[in-house]
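# Analysis of the macromolecular model
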2 protein chains.
Amino acid sequence: MSPVKEPPTVPASIPPTNAGPARTSHASRGELPVVLAMRHAGTRTLTLRYEVQGPAAAPVVFVAGGISAHRHVSASAEFPEKGWADELVGEGRTLDPAHRRVLAFDFVGADGKLDAPIDPADQADAIVALLDALEIERLQGFVGYSYGALVGLQLAVRHPQRLQRLVAVSGAHRAHPYAAAWRALQRKAVALGQLQCADAQGLSLARQFAMLSYRTQEEFAERFDALPEVVNGRVRVAAEDYLDAVGAQYVARTPVNAFLRLSESIDLQNVDPAAVGVPTTVIAVEGDRLVPLADLVGLVEGLGRLGTLRILRSPYGHDAFLKETDRIDALLSHALHSADGAGDSA
Amino acid sequence: MSPVKEPPTVPASIPPTNAGPARTSHASRGELPVVLAMRHAGTRTLTLRYEVQGPAAAPVVFVAGGISAHRHVSASAEFPEKGWADELVGEGRTLDPAHRRVLAFDFVGADGKLDAPIDPADQADAIVALLDALEIERLQGFVGYSYGALVGLQLAVRHPQRLQRLVAVSGAHRAHPYAAAWRALQRKAVALGQLQCADAQGLSLARQFAMLSYRTQEEFAERFDALPEVVNGRVRVAAEDYLDAVGAQYVARTPVNAFLRLSESIDLQNVDPAAVGVPTTVIAVEGDRLVPLADLVGLVEGLGRLGTLRILRSPYGHDAFLKETDRIDALLSHALHSADGAGDSA
């Protein structure tokens, strides 16, 4: 579900806890105008769009996903549309909105209106502006996956007093040069499309290339084992229908600039692990083509006594966070357990 | 060195062994018109372009490389331009043109004039037509790397009497579905370029994506460790200069259709390993992103008593054949040694 397709938002002046009578899921949305001093783009006036679900008094966990994630993490009575991490937020899960307050936002740049380099540090500063506006002194936890993990690391360096614990899944202190090259070529595919107003085709191709980086050989070998066909004089391989669908689906919900600027943002990541100021659980996926295990081992080494490493093996590679939800939930439970019962976090 | 840039060829009617007085390197070129019954493209009249180097009486080894390789394998007195495998063919090497006659050709489709699906089996049939014309009854060996290995496997199935031994490096009996998807997206990059008369940009992008599949994370981590820069408001990562150069170089020497049709051809590969009729050494590179070790283990299992597996570990991945030349030479020496002294092969 794209931010641009969501229902009208609650005005920023009404905090979510006042948005209506108390209900179990208690989800609300808001928009917040902020002035942000950005690292590469000067000072900008932006609108932050957030969603929050869970009791007002519960400890708050911020959830941030990959560059195509958004504020609608999971379905609720108020917002029944499918969320991007429905399997991780719900009854009986570590992130159960009956017991924890789950907060998320649309990344700065996600609406495609900001055509300038966006540093992951800018996202962390924007999150602090949001916490201030919502009067959240301290998060119990920040769970970041992929780009969200980059942002979490920035938050833990720049504003360590604002979170008790970071869980960083499949994201590191620096982009791997090979993954950076892969993303740069995706951006070139977009540029090639833009050359002559074929923006959609360029973005679709970029997304398809990205999808290869998110998944593994194992998965493709299982799903797309059929021999290629010759169709209209061209060879068409088994995965092409799937990839075309992936591209079309992405184009329908993603402004070109949002993709370009958030893709760039991943490559701007530059954190000194020793500067991280909060206990951090790093979850690595063996077989992740974008974020090699070795890089996350390096991150944890740099974190010193604040760092804990958990390793998953998954045929879903970089996308394991969204697929291996039972195992991820168990890891989240362990990571957030130590922070439980801290009444000052909401 | 591209076929299109080479000097005028020797007429096909003059066999290479009569092309001039005997010299040490004794290299010659020729063109041969053939009528080829193709698997997906009907019967076509084509021109085969070959080059041969070494004494007329020496055993003949056919060398075939990746889809961008060509007939000029190595520099010689007659053709001093750089070859695509100079490090593997020369004095003191297993493929020493003083002792072996090295034969190669431009793949069918390499001139870009054949705009139709080309099966690797078609290449094998073309090679047999060439051997017939050159009156070569039997090759001592066929050394195929990447696409060349696919063609070698086809030759060993369809015409086993024409070769004593096959050495298949980094190429299998079937394309891996993930690698096939990767190539399909390269072809889409070309199509996106063609959509807008930006053929060169599309082909350049395709080549850059291909290059990522040929190399490894390790190599990129070593070569391109610098932080990205913001140039003209865009993020530019460390590998981009290199990749741009790779793309431009390729575009300058490759017809778009040659790339498209030979890329497709890889995906058309479909050989039953049990049908291979000659002793075969399979060389696999651990860390090859295109041809996983597991697929070559499967190939060797299918070959039964005719198969031998050798495994290299290299940071150059799929391109190890062109980079780990000392180790490849040692493996070739071992593989071709058993076939040595067979006077009937030239």
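Residues numbered from 1 in each chain as written. Chains lettered and ligands numbered in written order. Predicted model: local features only at pLDDT ≥ 70, side-chain atom pairs only at ≥ 80, totals over all residues. Heavy atoms only, no water.

## Describing the overall build of chain A
Secondary structure summary: chain A contains 10 helices and 10 strands in total. A globule of 346 residues ought to have a C-alpha radius of gyration of about 20 Å, and chain A, at 20 Å, matches this closely. If you line up chain A on its principal axes, its C-alpha atoms span 65 × 40 × 40 Å. Burial statistics for chain A: of 346 residues in total, 62% are counted as buried. Of the roughly 12,500 Å² that chain A leaves accessible, carbon and sulfur atoms contribute 50%. Taking the average location of the 33 positive side-chain charges in chain A and that of its 40 negative ones, the two points are 3 Å from each other. (Helix = DSSP H or I, 4+ residues; strand = E, 2+ residues; numbered from the N terminus. Rg over C-alpha atoms; globule rule 2.2 N^0.38 Å. Buried < 20%, exposed > 50% of the residue type's maximum accessible area, 1.4 Å probe, protein only. Areas by Shrake-Rupley, 256 points an atom, 1.4 Å probe, with all protein chains shown as cover. Lys, Arg positive; Asp, Glu negative; His and termini not counted. Charge placed at Lys NZ, Arg CZ, Asp CG, Glu CD.)

## Structural notes on the nonpolar core
Core analysis: the biggest nonpolar cluster contains 164 residues, and A:Phe142, B:Leu103 and B:Phe142 have the highest contact counts within it. Once you skip the residues sitting within four places of it in the chain, A:Phe142 turns out to touch A:Phe62, A:Ala64, A:Ile127, A:Gly148, A:Val151, A:Gly152, A:Leu155, A:Leu163, A:Arg165, A:Leu166 and A:Val167. (Core = buried A, V, L, I, M, F, W, Y, C linked by side-chain atoms within 4.5 Å. Contact = heavy atoms within 4.5 Å.)

## Let's talk about the sheet that holds strand β5 (residues 139-145) of chain A
Residue and element names in this part refer to chain A. What the eight strands build is an open sheet, ordered β1-β2-β4-β3-β5-β6-β9-β10; its pairing is mixed. Unpaired on one side and paired on the other, β1 (27-38) and β10 (307-313) mark the two borders of the sheet. Across this sheet, the average inter-strand angle for adjacent strands is 20 degrees, counted without regard to direction. Of the pairings in the sheet, the one linking strand β3 (residues 60-64) to β5 comprises four bridges and is parallel in character. Looking at β5, one finds that valine 63 is bridged to valine 143. Together, β9 (280-286) and β10 form the strand contacts of helix α8 (residues 293-303), whose direction differs from that of β9 by roughly 165 degrees. (Pairing = 2+ DSSP bridges. Axes fitted to C-alpha atoms, helices over the stretch in contact; angles between N-to-C directions.)

## Quick word on the relation of the copies chain B and chain A
Relative to chain A, chain B is turned by 180 degrees and slid 0.0 Å along the rotation axis, the superposed coordinates differing by an RMSD of 0.1 Å. A rotation of that kind, with that shift, is consistent with a two-fold axis. Identified as the residue of chain B closest to the rotation axis by C-alpha distance is B:Gln196, at 2.8 Å. Looking at the interface residues of chain B, 100% of them are also at the interface in chain A, so both copies use one shared face. (Least-squares fit on C-alpha atoms with pLDDT ≥ 70 in both.)

## Here we look at helix α10 (residues 325-337) of chain B
Two residues of an α-helix separated by three or four positions point the same way, owing to the 3.6 residues in each turn. Residues and elements named next belong to chain B. End to end, α10 covers 17 Å across 13 residues, agreeing with the expected 18 Å (1.5 Å per residue, within 8%). Along α10, the residues classified as buried are Thr325, Ile328, Asp329, Leu331, Leu332, Ala335 and Leu336. Down the axis of α10, the buried side of the element spans an arc of 165 degrees, and every buried residue falls inside it. Opposite its buried face, α10 presents the exposed residues Asp326, His334 and His337, each directed more than 90 degrees away. For α10, the elements touching its buried residues are β3 (60-64), β5 (139-145), β6 (163-169), β9 (280-286), β10 (307-313) and α9 (320-323). (Expected span 1.5 Å × (residues − 1). Arc of directions from axis to C-beta.)

## Considering unusual backbone geometry
Unlike most non-glycine residues, A:Glu135 shows phi in positive territory, near 55 degrees. Relative to the helices and strands, A:Glu135 is located in the loop between α1 (120-133) and β5. Looking at A:Glu135, the relative accessible area reads 72%, which means it is exposed. Phi at B:Ser170 takes a positive value of approximately 55 degrees, unusual for a residue other than glycine. Tracing the backbone through its elements, the reader meets B:Ser170 in the loop between β6 and α3 (177-195). B:Ser170 gets classed as buried once you look at its relative accessible area, which sits at 1%.

## A look at the interface of chain B and chain A
Across the contact, 56 residues belong to chain B and 56 residues belong to chain A. Taking both sides of the interface into account, the surface hidden between chain B and chain A amounts to around 4,800 Å²; carbon and sulfur atoms contribute 65%. Considering only the side of chain B, the residues that lose the most area to chain A are B:Tyr178, B:Leu185 and B:Gln196, jointly responsible for 15% of the buried surface there. Put simply, chain B and chain A have seven salt bridges between them. The partner of A:Asp225 in a salt bridge is B:Arg174, and the shortest N-O contact between them spans 3.6 Å. At the boundary of chain B with chain A, the tally comes to 16 residue pairs in polar contact (both at pLDDT 80 or more). (Buried area = accessible area lost by both parts, 1.4 Å probe. Salt bridge = Lys/Arg side-chain N within 4 Å of Asp/Glu carboxyl O. Polar contact = N/O pair within 3.5 Å; in protein donor to acceptor, adjacent residues only side chain to side chain.)

## Looking at the domain arrangement of chain A
Residues and elements named next belong to chain A. Segmentation of chain A into domains returns domain 1 (27-174 + 269-337) and domain 2 (177-266). Computed from C-alpha atoms alone, the centre-to-centre distance between domain 1 and domain 2 is 25 Å. Taken together, the contact between domain 1 and domain 2 spans 30 residues of the former and 25 residues of the latter. Of the roughly 2,200 Å² buried where domain 1 meets domain 2, counting both sides, 53% is carbon and sulfur surface. By the criterion of area lost to domain 2, the three top residues of domain 1 are Ile67, Arg289 and Leu290, representing 32% of everything that side buries. Linking domain 1 with domain 2 are three salt bridges. Note that arginine 313 and glutamate 218 form a salt bridge whose closest N and O atoms lie 2.5 Å from each other. Linking domain 1 with domain 2 are 10 residue pairs in polar contact (both at pLDDT 80 or more). When grouped by side-chain class, the residues that make up the side of domain 1 that touches domain 2 number 14 nonpolar, nine polar and seven charged. (Domains from an automatic or database assignment. Nonpolar A, V, L, I, M, F, W, Y, C, P; charged D, E, K, R; others polar.)

## Considerations on the sheet that holds β10(B)
Residues and elements named next belong to chain B. Pairing is mixed across the open sheet formed by eight strands, whose spatial order is β1-β2-β4-β3-β5-β6-β9-β10. Where the open sheet ends on each side, the last strands, each with one partner, are β1 (27-38) and β10. If you compare each strand with its neighbour and ignore which way they point, the axes differ by 20 degrees on average. The pairing of β1 with strand β2 (residues 42-53) spans 12 bridges and is classified as antiparallel.

## A short note on the side chain of A:Thr216
For A:Thr216, the position within the fold is in the loop between α4 (199-214) and α5 (217-223). There is a polar contact of 2.4 Å between the side chain of A:Thr216 and the backbone oxygen of A:Pro315.

## As for the confidence of the model for chain A
Residue and element names in this part refer to chain A. Here chain A shows a mean pLDDT of 90. Residues at 70 or above account for 90%. Residue range residues 1-23 is modelled with pLDDT below 50. Its contacts to residues more than four positions away, or to other chains, number 38 contacts. Across residues 341-346, where pLDDT falls below 50, the model places 16 contacts with residues more than four positions away in sequence or in other chains. Among the scores for the predicted complex, ipTM is 0.86 and pTM is 0.88. (pLDDT = per-residue confidence, 0-100.)

## Quick look at the packing of aromatic side chains
On inspection of all chains with the given rule, the structure shows 24 aromatic pairs over all chains. Note on A:Tyr145 and A:Phe321: the rings are 4.5 Å apart at their centroids and 10 degrees apart in plane angle, and the pair reads as stacked. Of this pair, A:Tyr145 sits in strand β5 while A:Phe321 sits in helix α9 (residues 320-323); the two residues are 176 residues apart in sequence, bridging distant segments of the chain. We classify A:Tyr145 as buried; its relative accessible area is 4%. A centroid spacing of 6.1 Å and a plane angle of 90 degrees characterise the contact between B:Tyr250 and B:Phe259, whose relative ring orientation is edge-to-face. For the pair formed by B:Tyr250 and B:Phe259, the shared burial category is buried. An aromatic cluster is built from A:Tyr178, A:Trp182, A:Phe220, A:Phe224, A:Tyr242, B:Tyr178, B:Trp182, B:Phe220, B:Phe224 and B:Tyr242, whose rings are joined through pairwise contacts. Directly above the ring of A:Phe79 sits A:Arg29, whose terminal nitrogen or CZ lies 3.9 Å from the centroid. (Phe/Tyr/Trp six-rings, centres within 6.5 Å; stacked < 30°, edge-to-face > 60°. Lys NZ or Arg CZ within 6 Å of the ring centre and 35° of its normal.)

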